[in-house]
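Observations on the model geometry
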Amino acid sequence: MSYDFHCERAIKAVRKTHECEQCGRKIQVGEPASYGSGIYEGDFYSQYTHVECDAAARDYADRFGLWGDEFPWFQH
């Protein structure tokens, strides 16, 4: 499994609400969030997460060495 590319940035939801890929709750307009996009195995993806959910997943991945295909997605 391989990423062709991946980029992330901190954003504020501006025009509409988004669903957090980690917890499944809504990211409301005006709320800070993390936005990621890229190509994985030839398929484009994009994702929004709450800042807190992103931090929790990264902390969990650091503690247990779960990066790449093993990265924790808590709602799944």
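We now examine the overall build of the protein chain. In terms of regular secondary structure, the protein chain is built from one helix and five strands. In the protein chain, the succession of α and β elements from N to C terminus is β-β-β-β-β-α. Here the protein chain, with 76 residues, has 29% of them falling under the buried criterion. Counted over contacts in the protein chain with a minimum sequence separation of 6, partners at least 24 positions apart contribute 50%. A total of about 5300 Å² of accessible surface is found on the protein chain, and carbon and sulfur atoms cover 51% of it.

On to the pairing of strand β4 (residues 32-40). Sheet analysis places β4 next to strand β5 (residues 43-50), joined by eight bridges and oriented antiparallel. When the bridges of β5 are listed, Ser37 appears paired with Ser46. Hairpin connection of β4 to β5: two residues between the antiparallel strands, including Glu41 at a positive phi of 50 degrees.

Turning next to a nonpolar patch on the surface. On the surface, a nonpolar cluster with roughly 330 Å² of combined accessible area is contributed by Tyr60, Phe64 and Phe74. As for its position among the elements, Phe74 is in the segment after α1 (51-64). The class of Phe74 is partly exposed, set by a relative accessible area of 44%.

The rules we used
- Residue numbering note: each chain is counted from 1, following its sequence as written.
- Owing to the predicted nature of the model, reporting of local features is limited to residues with pLDDT of at least 70; listing and counting of side-chain atom pairs is limited to 80 or more, with chain, interface and lining totals taken over all residues.
- Based on all heavy atoms of the structure, the side-chain values leave hydrogens and waters out of the count.
- Strands here are runs of E lasting at least two residues and helices are runs of H or I lasting at least four, both read from the DSSP assignment and numbered beginning at the N terminus.
- Relative accessibility under 20% of the residue-type maximum defines a buried residue, over 50% an exposed one, and the middle range a partly exposed one, all with a 1.4 Å probe and only protein chains included.
- Here, two residues are considered to be in contact whenever any of their heavy atoms come within 4.5 Å of each other.
- For accessible areas, the Shrake-Rupley method is used with a probe of radius 1.4 Å. Any residue's cover is judged against the shown protein chains and nothing else.
- Any two strands with at least two DSSP-identified bridges between them are counted as paired.
- Here the term patch refers to residues with relative accessible area over 30% and no salt bridge, with like charges joined within 9 Å and nonpolar side chains (Val, Leu, Ile, Met, Phe, Trp, Tyr) within 5 Å.
- Salt bridges are counted wherever a side-chain nitrogen of Lys or Arg sits within 4 Å of a carboxyl oxygen of Asp or Glu.

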